[in-house]
Amino acid sequence: MIRRLVRFLDTRSGTAPLLRKTLRYLFPDHWSFLLGEVALYAFVVLVGTGVFLTLFYEDSTAKVVYHGPYEPLRGREMTHAYRSVLDLSTNVKAGLLIRQTHHWAANVFIAAIVLHLLRIFFTGAYRKPRELTYWLGVTMLFVSLLEGYLGYSLADDLLSGMGLAIGYSVAMSIPFVGANLAELLWDGPFPGSHAFFPRMYIVHVLVIPLLLAVLLGAHLALVALKHHTQFRRERRQSERKLVGVPTFPGQAPRSLGLLAAVAAVLFLLGGLVQINPIWLWGPYHTYLATNGAQPDWYLGWLIGGLRLMPGFDVTIGGYTLVPNPFWGGALFPLVVLVFLYLWPWLERKLGWEGDGYHNLLQRPRDAPGRTAVGWAMLTWVTLVFVAGGADRVDVMFDVPYTEQIWIFRVLVFVGPALAAIVAYRSCIELGRAERSDRERRQAEHEARAARSRA
Amino acid sequence: MSRARGFLIGVVLLLLRRRGPRPLRPGERERIVPPAPENAGAELLAISLLLASTACAIAFVAVYVLDRLPRQTQLLGLSLGLAFVFLAAALVVTAKRLVVTEELEDDYPEPEHPGEQETVARIVEESGLTRRKLLMVALGAAGGAIGVALITPAASLGPFLRVSRFYRTPWRRGRRLVNENGAPYRAAEIEQGTFYTAFPEGADREDLGSPLVLVRLPRGELDLPPENAGFDADGIVAFSKICTHAGCAIALYRAPLFRPNDPKPALVCPCHYSTFDPASGGTVIYGPAGRKLPMLPIAVGSDGVLRAKGNFDGPVGPSWWGVRMKGPTP
């Protein structure tokens, strides 16, 4: 039976040699190598649940009066877009489960990508010959942020409308071309023409998913072509020798188990833990806003950036040049993106990394400079992220908002510097302790050998 | 001496290795995958987990079919989630106990292939195309021009160069201020200590230029700058409801920046807490906004209804490169 199937495949496609190689392809074993796989499997769940959602969503912003089963909104005017998401949540069997699972999957997807990126960064896995893989990954992270933002904007509830207004303002604030760009995208001043929602829709369900699929394919192909990196845990692992578990029978059940586990967590969250109850927020109108609004977690750093920025526009005479949202909403993420793109090159310019060809990973302590810079960046972004929740801290713990903002404005400068120093010293000390430990053991060993000879 | 020792060790190692695997019986082939450990308990466990997964998946279908169950979403999520939990557990048991965990060695691919690189370069060179510089330049020009031509239709997406539209609002002299139900606001019904949302009668409410916040301030507190003199109607002041920072609606009066015992009321945007002082004509007193809130001159008509006396004293909504900060818009 197996032989007949393999023979069928081989005679029609000539893939038996490829199949054999694939089955014996080696996966080095470490828990942190699974983070990228978690992101991959969350993407699978996103595509599956997303296809279901497209079969019910309407992208029209034409107004309609609600007469559905949800009592508090009856008689309210809303867009077809909002009503279709509401109906999906209340009238369609399993609709709410799939919608909530999709939303949770988006959150987990981006969380997994971020953790994967941290692992790649701090172990130096992006070094030659894997820079292309790394750049593709960073691109996918930022494309995914946009994809998530578009996704929750489509519901046209009060929160998503506020998010779009902010996105529009950030687009407007871009020097020279902001107003033109915003007019182009929205087809006129906010909230835009009837064409805007169909544009967001097609970009969210086709253009970006396709782009992500292509980037993902190239990312995985490059990983496979150059094989995985590995930690040096035993002698036989080297720059030339890879030690790992073969795809089959070793790795396949583990990886499929991870897929099932990711699906399990996402469906349990989707069924049991409420997320984005749009019926509570109500439909969006430009003249409405709510207090305590927070975006999905992965945009928290941008709201933090917008809130931390002191209030000024760059002006000349009676004209504004650079409006305030540019700094926190556009420049800040751009700086992080450019840093991530340039880092492999920057590390060489700093002389911390040569032109070497690497298959072995480093531990953070092996590259104190990189670890320090990484911690500084991470602390910077995290502090801005936390500052985005200052209003919630005000409400919940009664710490005045204005004072928190001033504390954060100082911390975003002091924090990264402190983090870098602590990280650098820790790496140096850990390395020194390790060296002296090794020397002591060697001396003891030699002493024992000398005694036994004597 | 040391060479002899190395040789001896080598011989011993060779002998030890020889003793390792059982000799092959005639007609038997050498295995590729080493035999998996016999583990009846683990196999039984994996089978039970898979059966549990099957049961949960069937339960999902049953919950879906049986309508009118209370908490259907939760039950659906629980049954499907558990089906995957059991499947994951079964696969982990399979990976850890039922298949052999081999740690194999393999060579990393060659860092580079100098011979192939040279061949590729020579194929391109010997084609002779790269030496025809002018042809290459012309090819680049054609490619670039076609690229530009192909993205030109993207300009159809929006008006693109008609930025003047951002200045337009529906407010005109004499236009009545109406509430959400379309009823005109009478000056007498505007009370102190709260704010009202008003719209231009008969205009599109979603237009960023439309919505207003109305506030009545005590006579003594009003401190309008000279250019806004006469903008109020008996202590009632009207501002654009759209924040000049990021386009959200100004939906808070005081809280949370200004505690109930703070002396001055303020208009606050809940998105990034830009705060504006209605008494001084909408100036920014806190937060990231870079421009004051546009103020609309209003008056009370002979019928007691609030009407606009003109347009705002500045552009409405978020700023852009080159926006005029002041000056009424027609």
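Residues numbered from 1 in each chain as written. Chains lettered and ligands numbered in written order. Predicted model: local features only at pLDDT ≥ 70, side-chain atom pairs only at ≥ 80, totals over all residues.

1. Thoughts on the overall build of chain A
Step number 1: What chain A contains, in helices and strands, is 16 helices and six strands.
Step number 2: Each principal axis of the C-alpha distribution contributes one length, and for chain A these read about 95 × 70 × 40 Å.
Step number 3: Residues counted as buried form 41% of the 454 residues belonging to chain A. (Helix = DSSP H or I, 4+ residues; strand = E, 2+ residues; numbered from the N terminus. Buried ≥ 20, exposed ≤ 12 C-beta atoms within 10 Å, placed from the backbone.)

2. Concerning the overall build of chain B
Step number 1: A tally of helices and strands in chain B yields five helices and 13 strands.
Step number 2: Across the 330 residues that make up chain B, the buried fraction comes to 34%.
Step number 3: Summarising the internal contacts of chain B: among those between residues at least 6 apart in sequence, 54% fall at separations of at least 24. (Contact = placed C-beta atoms within 7 Å.)

3. Digging into the environment of L40 of chain A
All names here are of chain A.
Step number 1: Note that L40 resides in helix α3 (residues 35–54).
Step number 2: Here L40 falls in the buried class, since 21 other C-beta atoms lie within 10 Å of it.
Step number 3: Sequence-wise, L40 and L115 are 75 residues apart; in three dimensions their C-alpha atoms are separated by 13 Å.

4. Looking at the pairing of strand β4 (residues 212–216) of chain B
Residues and elements named next belong to chain B.
Step number 1: Counting buried residues in β4 gives five out of five residues, a clear majority hidden from the surface.
Step number 2: Alternating residues of β4 divide into L212, L214 and R216 and V213 and V215, and every residue in both groups is buried.
Step number 3: With four bridges joining them, strand β3 (residues 195–200) and β4 adopt antiparallel strand pairing. Bridge pairing links Y196 to L214 in β4.
Step number 4: Sheet topology note: the β4/strand β5 (residues 236–240) ladder contains five bridges and is antiparallel. Each bridged residue has a counterpart across the sheet, and for L214 the counterpart in β5 is A238. (Pairing = 2+ DSSP bridges.)

5. Some words on the interface of chain A and chain B
It is common to give the size of an interface as the accessible area that goes away when the parts come together.
Step number 1: In this assembly, 81 residues from chain A lie in contact with 74 residues from chain B.
Step number 2: Here the residues of the side of chain A that touches chain B are counted per class, giving 47 nonpolar, 22 polar and twelve charged.
Step number 3: Alignment of strand β6 (residues 319–322) of chain A against strand β13 (residues 323–324) of chain B, held across two bridges, turns out to be antiparallel. Residue pairing for β13 of chain B: Y319 of chain A is matched across the bridge by R324 of chain B. (Nonpolar A, V, L, I, M, F, W, Y, C, P; charged D, E, K, R; others polar.)

6. A closer look at the sheet that holds strand β2 (residues 177–178) of chain B
Step number 1: Read from one edge to the other, the open sheet built from five strands follows the order β2-β3-β4-β5-β10 (chain B), with strand pairing classed as antiparallel. The two strands at the open ends of the sheet, each matched to only one other strand, are β2 and β10 (295–296) of chain B.

7. Considering the nonpolar core
Step number 1: Counting 163 residues, the largest nonpolar core has A42 and F109 of chain A as its most contacted members.
Step number 2: Top element by residues in this core is helix α3 (residues 72–98) of chain B. It accounts for 16 residues.
Step number 3: F109 of chain A has contacts with A39, A42, F43, L46 and S144 of chain A, leaving out every residue within four places of it along the chain.
Step number 4: Listed in part, the seven residues of the second largest apolar core include A372, A419, A423 and C427 of chain A. (Core = buried A, V, L, I, M, F, W, Y, C linked by C-beta atoms within 7 Å.)

8. Points about the confidence of the model for chain B
Step number 1: For chain B, per-residue confidence averages 88 on the pLDDT scale, and 88% of positions sit at 70 or higher.
Step number 2: Here the predicted complex carries an ipTM of 0.93, next to a pTM of 0.93. (pLDDT = per-residue confidence, 0-100.)

9. Describing the environment of V148 of chain B
Step number 1: By the element assignment, V148 of chain B lies in helix α5 (residues 133–151).
Step number 2: For V148 of chain B and R165 of chain B, which are 17 residues apart along the polypeptide, the C-alpha to C-alpha distance reads 27 Å.

10. Notes on the pairing of strand β9 (residues 283–286) of chain B
All names here are of chain B.
Step number 1: Relative to β9, strand β8 (residues 275–277) is paired through three bridges, and the arrangement is antiparallel. By the bridge assignment for β9, T275 is matched with Y286.
Step number 2: Turn length for the β8-β9 hairpin, with the two strands adjacent in sequence and antiparallel, is five residues, and the turn residue G281 shows positive phi of about 90°.

11. Examining the sheet that holds strand β7 (residues 267–268) of chain B
All names here are of chain B.
Step number 1: A sheet is described by the order of its strands in space; here four strands give the open sequence β6-β7-β8-β9, paired in antiparallel fashion. Edge positions in the sheet fall to β6 (252–253) and β9, since each has one partner strand and no second.
Step number 2: Here two bridges tie β7 to β8, and the two strands are oriented antiparallel to one another. Looking across to β8, one finds that V268 is bridged to T275.

12. Some remarks on unusual backbone geometry
All names here are of chain A.
Step number 1: The peptide bond linking K128 to P129 adopts the cis configuration, its omega dihedral lying at 10°.
Step number 2: When you line up the elements, P129 lands in the loop between α5 (95–122) and α6 (131–153).
Step number 3: Cis geometry marks the peptide bond from F190 to P191; its omega dihedral reads 5°.
Step number 4: At D156, a residue that is not glycine, the phi angle is positive and equals roughly 60°.
Step number 5: If you trace the backbone, D156 turns up in the loop between α6 and α7 (158–172).

13. A closer look at the packing of α6 of chain A against helix α9 (residues 196–226) of chain A
All names here are of chain A.
Step number 1: The N-to-C vectors of α6 and α9 enclose an angle of 160°; their axes lie 9 Å apart at closest approach. As summarised for this structure, α6 and α9 are arranged roughly antiparallel, according to the angle between their axes. The handedness of the crossing between α6 and α9 is left-handed.
Step number 2: Class assignment of the residues belonging to the contact of α6 with α9 gives a composition of 16 nonpolar, eight polar and one charged. (Axes fitted to C-alpha atoms, helices over the stretch in contact; angles between N-to-C directions. Parallel < 35°, antiparallel > 145°, perpendicular 65-115°, else oblique. Left-handed = near helix turned anticlockwise from the far one by under 90°.)

14. Quick word on helix α12 (residues 300–308) of chain A
Residues and elements named next belong to chain A.
Step number 1: Burial analysis of α12 places eight of its nine residues in the buried class, which makes it a mostly covered element.
Step number 2: Every buried residue of α12 is accounted for by W301, L302, I303, G304, G305, L306, R307 and L308.
Step number 3: Next to the buried residues of α12 lie α13 (325–349), α14 (368–387), α15 (390–397) and α16 (401–453).

15. Considerations on helix α2 (residues 40–65) of chain B
Step number 1: Along its 26 residues, α2 of chain B runs 38 Å from first to last C-alpha, staying within 8% of the 38 Å computed at 1.5 Å per residue.
Step number 2: Where the residues of α2 of chain B are buried, they touch α3 of chain B. (Expected span 1.5 Å × (residues − 1).)

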